[in-house]
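Structural features, examined
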Amino acid sequence: MSAVSSRVSSRLPVFPWDKLAPYKSTAAGHPDGIVDLSVGTPVDPVPALVQQALVAAADSPGYPTVWGTAELRDAITGWLERRLGAVGVAHENVLPVVGSKELVAWLPTQLGLGAGDRVAYPRLAYPTYEVGARLCGAEPVVYDDPTELDPAGLKLLWLNSPSNPTGRVLPKDELTRIVAWAREHEVLVLSDECYLELGWEAEPVSVLHPDVCGGTYDGVIAVHSLSKRSNLAGYRAAFIAGDPAVLGELLLIRKHGGMMTPAPVQAATVAALGDDAHVAEQRERYAERRTALRAALEAHGFRIEHSEASLYLWATRDEPCWETVAYLAELGILVAPGDFYGPAGDRFVRVAFTATDERVAAAVKRLAP
C-alpha cells in the first residue's frame, strides 16, 4: 500500500516552504518578533460588503452548481468587459474555480495531458506550474521566450503577467506576438493574471484584450483570483475565462469531480466584483508599504529588479539567496529565497509587502543604516 500511496508524490519536488522552517525560527527569536515577508498572504480585513454578502447567503443547504449562479456569471462577464476591456464575453466564456492554485495544479490532468506531452512556463515562476505538469506525467519545460520553444508535443503554455516572483509585466505587443505564435502551432495559452490589478510602474494587459487576442478567445484562457485584489485568499474565490470549447470540456469534467465553489462564496464574489472602491483602497495600502520597503532595502544595499507590478520586490545583494535569507532572519525578517522559483533566482529573494503597516514599519526600522 505504501508504494501505491507514494507513487504520485514521488514525481513532485520537495515542498519548498518546508526548507524555510529553521530561518523562520531564527527570525521569530528577534526581541520585537518576526516580520514575515515570505508568503504573499493578505492580512487586511475582508471588505465589509463582501462579508455581508457571505453572511446573507449563509443559509445555503443545497448543493451549488459547478458553473455557478447566473448572477455570478453575470458579475464575471461584466468585470471582464469593464476592467479588462474584453468584448463579447458570454456565460460560455467563464467558469468559476475553487481558488486558482487548484486550477493551476490540476488543469493539465483535467485536459487529459500525460506522457509525451509538454507543459511550458517561465524560467522564473510559481512552482505549481511545474507541479501540474508532473502530476499528470507530462514534461515540464521552462522558457525565456516561449516563441523559441520547439512546438512539437507542446500542449500548454503558461504565461504569468504580472509575474510571481519578479513582478515583471509583459507588454501588449509581446503578448500579442506570443498568442499569435501559440495559435499557429495549436498550443493552448493559459495566462495567469492574478496580480493584474496591482500594477505600479506598468499597466498590465490581459490576453483577453481585443488588441491581444484579436477579438476571439480561441486558444486563450485567462486565470483570475480575488485573493489579492479583495483579500479573499481564505474564500478560495477565482475564475477562468476565454475559449468556450475548452471551458465547456472543463465544466463537464469538474461536474463529475464535484469541484464546486460554495454558494456563500459565490455570493461574496458577486459583491466583490461589483465594487471597485475596496480595490482602490487596498491598492493604496500596498502602495505605501511597497514604497517604504523598497526605500529601506535600497538604502541597505539591495538592488531591486523588475517589480513593476504584483505584491513583491525582487531583491538581491549579489550573493547566494540562502545567505540573504539567513542574514535577514538575524534581523527578524523572513523572506522567500529566489530559488523557490527556479535556479535562475538563486541570487535573489522575494520580499512580500503583505504584512501589516506595523510590521512593515518594524522591518524598515531594522533595515535602517
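Structure shown above.
All of the points below concern the structure found in this document.

Rules used in this analysis
Residues numbered from 1 in each chain as written. Predicted model: local features only at pLDDT ≥ 70, side-chain atom pairs only at ≥ 80, totals over all residues. Heavy atoms only, no water. Buried < 20%, exposed > 50% of the residue type's maximum accessible area, 1.4 Å probe, protein only. Helix = DSSP H or I, 4+ residues; strand = E, 2+ residues; numbered from the N terminus. Expected span 1.5 Å × (residues − 1). Arc of directions from axis to C-beta. Contact = heavy atoms within 4.5 Å. Phe/Tyr/Trp six-rings, centres within 6.5 Å; stacked < 30°, edge-to-face > 60°. Lys NZ or Arg CZ within 6 Å of the ring centre and 35° of its normal. Pairing = 2+ DSSP bridges. Axes fitted to C-alpha atoms, helices over the stretch in contact; angles between N-to-C directions. 1 Å grid on protein atoms, 1.4 Å probe; cavity = no way out; pocket = protein on both sides within 12 Å on 5 of 7 lines; lining within 4 Å. Points joined across faces, edges and corners; volume = space filled by probe spheres on them. Salt bridge = Lys/Arg side-chain N within 4 Å of Asp/Glu carboxyl O.

**Comments concerning helix H5 (residues 100–110)**
The buried fraction of H5 amounts to eight of the eleven residues, a majority that puts the element mostly inside the structure. Looking one or two places after H5, you find Gly112, whose phi comes out positive at around 80°.

**Quick word on helix H7 (residues 172–184)**
Look at H7: 18 Å from first C-alpha to last across 13 residues, which is about the 18 Å you get at 1.5 Å a residue. For H7, the full list of buried residues reads Glu174, Leu175, Ile178, Val179, Trp181 and Ala182. One side of H7 holds all its buried residues, which, seen down the axis, span an arc of 160°. Every exposed residue of H7 that faces more than 90 degrees away from the buried side is listed here: Asp173 and Glu184. Where the residues of H7 are buried, they touch strand S5 (154–160), strand S6 (188–192), helix H8 (210–213) and strand S7 (220–225). Looking at the residues trailing H7, positive phi occurs at Glu186, about 55°.

**Brief notes about the packing of aromatic side chains**
Taken as a whole and judged by the stated rule, the model has twelve aromatic pairs. Their ring planes at 35° and their centres at 6.4 Å tell us that Tyr121 and Tyr129 sit as a pair that is tilted. Assigned by exposure class, Tyr121 and Tyr129 land together as buried. For the pair Tyr195 and Tyr312, a centre-to-centre distance of 5.6 Å together with 65° between the ring planes defines the contact as edge-to-face. Of the two residues, Tyr195 sits in the loop between S6 and H8 while Tyr312 sits in strand S10 (residues 312–316), which places them 117 residues apart along the sequence. Within the aromatic cluster, the residues linked to one another by ring pairs are Trp17, Tyr23, Trp322, Phe340 and Tyr341. The aromatic ring of Tyr327 is capped on one face by Arg317, whose charged end is 3.9 Å from the ring centroid.

**Thoughts on the sheet that holds S10**
Taking strand neighbours across the sheet as the criterion, the four strands line up as S9-S10-S13-S12 in an open arrangement whose pairing is antiparallel. Every interior strand has two partners, whereas the edge strands, strand S9 (303–305) and strand S12 (336–337), have only one. On the sheet, helix H11 (residues 277–299) packs against S9, S10 and strand S13 (349–352) and is oriented at approximately 5° with respect to S10.

**Re the sheet that holds S7**
Within the open sheet, the seven strands sit side by side as S2-S8-S7-S6-S5-S3-S4. Their pairing is mixed. Two strands lie at the open edges of the sheet, namely strand S2 (94–97) and strand S4 (139–143), each paired on one side alone. Put simply, the sheet's adjacent strands are angled 20° from each other on average, direction ignored. In this structure, strand S3 (residues 118–122) lies alongside S5, joined through three bridges in parallel fashion. Among the inter-strand pairings, Val119 is bridged to a residue of S5, identified as Leu156. Docked against the sheet, helix H6 (residues 128–135) engages S3, S4, S5 and S6, running at close to 150° with respect to S4.

**A closer look at the layout of surface pockets**
In this structure, the largest pocket encloses a volume near 1100 Å³. Lining the largest pocket are 47 residues, with Trp17, Lys101, Tyr126, Pro127 and Thr128 sitting closest to its centre. In terms of residue count, H6 provides more of the lining of the largest pocket than any other element does, four residues in total. In this structure, the second largest pocket occupies an estimated 320 Å³ of space. Forming the boundary of the second largest pocket are 16 residues, of which Pro122, Arg123, Leu124, Asp144 and Arg168 lie nearest the centre. Broken down by secondary-structure element, the contributors of at least two residues to the lining of the second largest pocket are S5 and H7.

**Section: the pattern of salt bridges**
Counted by the stated rule, this structure contains 24 salt bridges. In this structure, the salt-bridge partner of Arg289 is Asp44, at a minimum N-O distance of 2.8 Å. Remark: Asp44 occurs in the loop between strand S1 (35–36) and helix H3 (48–56) and Arg289 occurs in helix H11; sequence separation between them is 245 residues. Summarising the burial analysis for this pair, Arg289 and Asp44 share the class buried. A salt bridge links Lys155 to Asp117, with the nearest nitrogen and oxygen atoms 2.8 Å apart. Of this pair, Lys155 sits in strand S5 while Asp117 sits in the loop between H5 and S3, and the two are 38 residues apart along the sequence. The class for Asp117 is buried, based on a relative accessible area of 12%. Here the salt bridges do not stand alone but share partners, grouping Asp32, Glu358, Arg359 and Arg366 into one network.

Purely spatial values, then, with no claim about function.
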